[in-house]
Amino acid sequence: MRIGKTMWLIDAAYLFNAQESVGPNYNFDYLKLRFRLELDGPIESAWYLNSTQNPPTDNQSGFHAWLQTPLPNGPELNVNLYKLKQRDFECPHCARKFSLQMQKGVDVGLATLIVRRADQNQYDTLILSSGDGDLRDALAHAREYCGKRIELCVFRWGISPDLLNFADKIHWIDDFADEVEKKSGP
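Here's what I pulled together on the structure shown here. On a predicted model such as this, the values are computed, not experimentally measured, just so you know.

Thoughts on the pairing of strand β2 (residues 45-52)
Successive residues of a regular strand alternate their side chains across the two faces of the sheet. Counting buried positions over the eight residues of β2 gives eight, a clear majority of the element. Of the two faces of β2, the one lined by Ser45, Trp47, Leu49 and Ser51 and the one lined by Ala46, Tyr48, Asn50 and Thr52 are each fully buried. Pairing between β2 and strand β3 (residues 78-83): six bridges, direction parallel. Among the inter-strand pairings, serine 51 is bridged to a residue of β3, identified as tyrosine 82. Between the parallel pair β2 and β3, the chain is carried across by helix α3 (residues 58-67), and the sense of this crossover is right-handed.

Structure representation (structure tokens):
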């Protein structure tokens, strides 16, 4: 059982990409995942950070609206969206030029929430759903200087060892994937 206030931070791109490690057609459900995490105690604030095209598609807008829907009908997440950045490349073999849209801003947003809210004592336990080792310094600050407990809610694929070293507890989604799977149809 968790003691004190809990905050859950979600790197949406990480969860979206890592869920494929369970199976080619696997998709998890954010509401089911929240309910599963709350078996250990309530989550007072939860944040979903992602990059999206500008403007987002109607489907994306609908999904983001649902994420903000209060419990028990939606996962009641605060949604922070960043613009995708276009990056130009050139193939070193054929000199063909191409562009890709890249996620930017999410890692800085996560680190800022981790540090600022720890400094303001707005949580006692942080649940982090990200695989990015770049968050190491923010986690070190929260744990070592602010005395925060760190939990990870992650898939076994794509997780940095740097993050594993900070975890007081790890919720391996792979281990309860069936419980939080999004079911299609009626």
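As for the packing of aromatic side chains
The full count for this structure, using the stated rule, is six aromatic pairs. Note on tyrosine 30 and phenylalanine 63: the rings are 6.0 Å apart at their centroids and 50° apart in plane angle, and the pair reads as tilted. Placement of the pair is tyrosine 30 in helix α2 (residues 30-37) and phenylalanine 63 in helix α3, with a sequence separation of 33 residues. Given the relative accessible area of 27%, phenylalanine 63 is considered partly exposed. Among the aromatic residues, ring-to-ring pairing joins Phe28, Tyr30, Tyr48, Phe63, Trp66 and Phe155 into one connected group. For the cation-ring pair, arginine 36 lies above phenylalanine 176, with the distance from its terminal atom to the ring centre recorded as 4.1 Å.

Regarding the sheet that holds strand β7 (residues 149-154)
Read across the open sheet, the six strands follow the order β3-β2-β1-β6-β7-β8; overall the sheet is parallel. Two strands bound the open sheet, and with one partner strand each, they are β3 and β8 (169-172). Averaged over all adjacent pairs, the angle separating strand axes in this sheet is 15°, with direction ignored. Sheet analysis places strand β6 (residues 125-129) next to β7, joined by four bridges and oriented parallel. Note on β7: the bridge partner recorded for threonine 125 is arginine 149. Sheet contacts for α3: β2 and β3; angle to β2, the most-contacted strand, approximately 170°.

Concerning the nonpolar core
Among the nonpolar cores identified, the biggest contains 49 residues, and Trp8, Leu9, Tyr30 and Leu33 are the most heavily contacted of them. Mapped by element, the contributors of at least two residues to this core are β1 (6-11), α1 (12-18), α2, β2, α4 (106-119), β6, α5 (136-145) and β7. If you tally residues by element for this core, the top one is α4, at five residues.

Thresholds applied
Residues numbered from 1 in each chain as written. Predicted model: local features only at pLDDT ≥ 70, side-chain atom pairs only at ≥ 80, totals over all residues. Heavy atoms only, no water. Buried < 20%, exposed > 50% of the residue type's maximum accessible area, 1.4 Å probe, protein only. Helix = DSSP H or I, 4+ residues; strand = E, 2+ residues; numbered from the N terminus. Pairing = 2+ DSSP bridges. Right-handed = clockwise from strand over helix to strand, strands pointing away. Phe/Tyr/Trp six-rings, centres within 6.5 Å; stacked < 30°, edge-to-face > 60°. Lys NZ or Arg CZ within 6 Å of the ring centre and 35° of its normal. Axes fitted to C-alpha atoms, helices over the stretch in contact; angles between N-to-C directions. Contact = heavy atoms within 4.5 Å. Core = buried A, V, L, I, M, F, W, Y, C linked by side-chain atoms within 4.5 Å.

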